[in-house]
Amino acid sequence: MADFKPVKEGKVREIYDLGDKLIMVATDRISAFDVILHNQITDKGRVLTQMSKFWFDLTKDVIPNDLISVDNKEMPEFFQKPEFDGRATLCKKLEMIPIECIVRGYITGSGWENYKKDGTICGLKLPEGLVECQKLPEPLYTPSTKADLGDHDENINFEQSIEVLEKAFPGKGEEIATKIKDATLAVYKKCADYALSKGIIIADTKFEFGLDENGEVVLADEVLTPDSSRFWRLDQYKEGQGQSSFDKQFVRNWLKANPDNNATLPQDIVEKTVDLYKEAYTMLTGETL
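The notes below deal with the structure included here. Each chain has its residues counted from 1, running along the sequence as written. Per-residue local features are limited, in this predicted model, to residues with pLDDT of at least 70; the limit for side-chain atom pairs, both in listing and counting, is 80 or more; totals at the level of whole chains, interfaces and linings are taken over all residues. Only hydrogens and water are removed before side-chain values are computed, so all heavy atoms of the structure are retained for them.

1. Notes on the overall build of the protein chain
Selection rule: Secondary structure elements are defined from DSSP: runs of H or I of at least 4 residues count as helices, runs of E of at least 2 residues count as strands, and each element is numbered from the N terminus. Two things to know: the radius of gyration comes from C-alpha atoms, and the globule rule equals 2.2 Å times the number of residues to the power 0.38. The rule is simple: take the accessible area with a 1.4 Å probe, protein chains only, and divide by the maximum for that residue type; under 20% is buried, over 50% is exposed, in between is partly exposed. Shrake-Rupley sampling with a 1.4 Å probe provides the accessible areas, and residues are treated as covered by the protein chains on show and by no other component.
Helix and strand content of the protein chain: six helices and 16 strands. The C-alpha atoms of the protein chain give 19 Å as radius of gyration, which agrees with the globular expectation for 289 residues (19 Å, within 12%). Taking the principal axes of its C-alpha atoms as reference, the protein chain extends roughly 60 × 55 × 40 Å. Burial statistics for the protein chain: of 289 residues in total, 50% are counted as buried. Of the roughly 13800 Å² of accessible surface on the protein chain, a fraction of 48% belongs to carbon and sulfur atoms.

Here it is as structure tokens:
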């Protein structure tokens, strides 16, 4: 049996190179404020993998994606071990586009902090008088650069994203920047509407895209998971305050309230986080893990 070593390790994912394809494994690691915490969040990798598959299937009529399979039996023998079951995604190898595509449907997090200072989010002027967690008149596209592990991503505007992409893909910067912006907004709107019908508000999220062998833009990486998005309970939503959430915000809030945390969560917070991730998965898909 051939042994495989990850060619790249992110905060949460490990990537294995199969030549013309990749295998992406979602671990149970969790990061917050760009720090990988010491705890493992049991089954988190399975939730992220299966939830991404659900959204990839739902959005393939909007934009093609890189997903081939999440069935371990369809992967090399090395990945048929129990530790990879339900966590590994076989996907097409793409030329990744070096922009994080962030979309904000509600005013929260760093966007809310910026708005309180000067009435803008990432340089975009907003109406006066908005309150925390209010739904924005229209979803905002606020791209950022993709930083190396340990560095912070940098918010940029649409024009700056064209410059970044022009350097990466000479002669095609504006075309690719426009395509990923349009795809980000289209996928978000479709999925946010669907989630709302299941009792979940998707306040914001981020997407990644790549180019396939024909130079076409393809949705990649993870999609609309509690790691990459803010999920709120619709039945408890109230603007003007923080929200009851299913996502990493729960962990962030505990870390903020306990600054001497040494990047370690207590066991009850770990268990509550697992339960929240699984509850969101069940509400959205109708299935249990």
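2. A word on the packing of helix α3 (residues 158-168) against helix α4 (residues 173-197)
The cut-off we apply is this: All axes here are fitted lines through C-alpha atoms, helices being fitted over the stretch that makes contact, and every angle between N-to-C directions spans 0 to 180 degrees. The scheme is simple: roughly parallel for angles under 35 degrees, roughly antiparallel for over 145, roughly perpendicular for 65 to 115, oblique for anything else. Crossing chirality is assigned from the near helix's rotation relative to the far helix, an anticlockwise turn below a right angle marking it left-handed and a clockwise turn marking it right-handed. We call two residues contacting when some pair of their heavy atoms lies within 4.5 Å. Residues are grouped as follows: nonpolar covers Ala, Val, Leu, Ile, Met, Phe, Trp, Tyr, Cys and Pro; charged covers Asp, Glu, Lys and Arg; every other residue, Gly included, is treated as polar.
For the pair α3 and α4, the least separation of the axes is 8 Å and the interaxial angle reads 125°. In this view, α3 runs oblique relative to α4, as classed from their interaxial angle. For the pair α3 and α4, the crossing hand works out as right-handed. Contact with α3, carried on its side by F158, S161, I162, L165 and E166, involves G173, E174, I176, A177, T178, I180 and K181 of α4 and no other residues of that element. Class assignment of the residues belonging to the contact of α3 with α4 gives a composition of six nonpolar, three polar and three charged.

3. Re the pattern of salt bridges
Rule in force here: Basic side-chain nitrogens of Lys or Arg form a salt bridge, by our definition, when they fall within 4 Å of a carboxyl oxygen of Asp or Glu.
Tallied over the entire structure, the rule returns 19 salt bridges. As a salt-bridge pair, R29 and E14 come within 3.4 Å of each other at their nearest N and O atoms. A residue pair is termed long-range when its members are at least 10 positions apart, and R29 in strand β4 (residues 29-32) and E14 in strand β2 (residues 13-17) qualify at 15 residues. Overall, the relative accessible area of 15% leaves R29 in the buried class. Take E14: its relative accessible area is 14%, and that puts it in the buried class. What you see here is one network of salt bridges that share partners, running through E9, E14 and R29.

4. Comments concerning the state of the cysteines
The cut-off we apply is this: Two cysteine sulfurs form a disulfide in these notes if their separation is within 2.5 Å.
Enumeration over the complete set of coordinates arrives at zero disulfides. Between C133, a cysteine without a disulfide, and C122, which holds the nearest cysteine sulfur, the sulfur-to-sulfur distance is 16 Å. No disulfide involves C191; its sulfur sits 14 Å from that of C101, the nearest cysteine. Of the residues examined, C191 reaches a relative accessible area of 1% and is grouped as buried.

5. Brief notes about the nonpolar core
Formally: The definition of a nonpolar core used throughout is a set of buried Ala, Val, Leu, Ile, Met, Phe, Trp, Tyr and Cys residues joined through side-chain atoms within 4.5 Å.
Counting residues in each nonpolar core, the largest one holds 62 residues, and the members touching the most others are W55, I97, I180, F207 and F209. If one sorts the elements of this core by residue count, α4 sits on top with ten residues. Those residues in contact with W55 that lie beyond four places of it in its chain are C191, Y194, A195, I202, V223, L224 and L284.

6. With respect to the pairing of β4
Put simply, the rule is: Strand pairing follows a simple DSSP-based rule, namely that at least 2 bridges must link the two strands.
The alternating pattern of β4 places R29 and S31 and I30 and A32 on opposite faces, both of which are buried. Linkage of β4 to strand β5 (residues 35-40), two consecutive antiparallel strands, is achieved through a turn of two residues, within which F33 is found at a positive phi near 55°.

7. Examining the packing of helix α1 (residues 44-59) against α4
Two elements in contact, α1 and α4, have axes separated by 11 Å at closest approach and are oriented at 115°. Accordingly, the angle class assigned to the pair α1 and α4 is roughly perpendicular. Considering only the axes of α1 and α4, their crossing is right-handed. Residues F54, W55, L58 and T59 of α1 form the contact with α4, whose own contacting residues are V187, K190, C191, Y194 and A195. For the contact of α1 with α4, a count of residues per class yields seven nonpolar, one polar and one charged.

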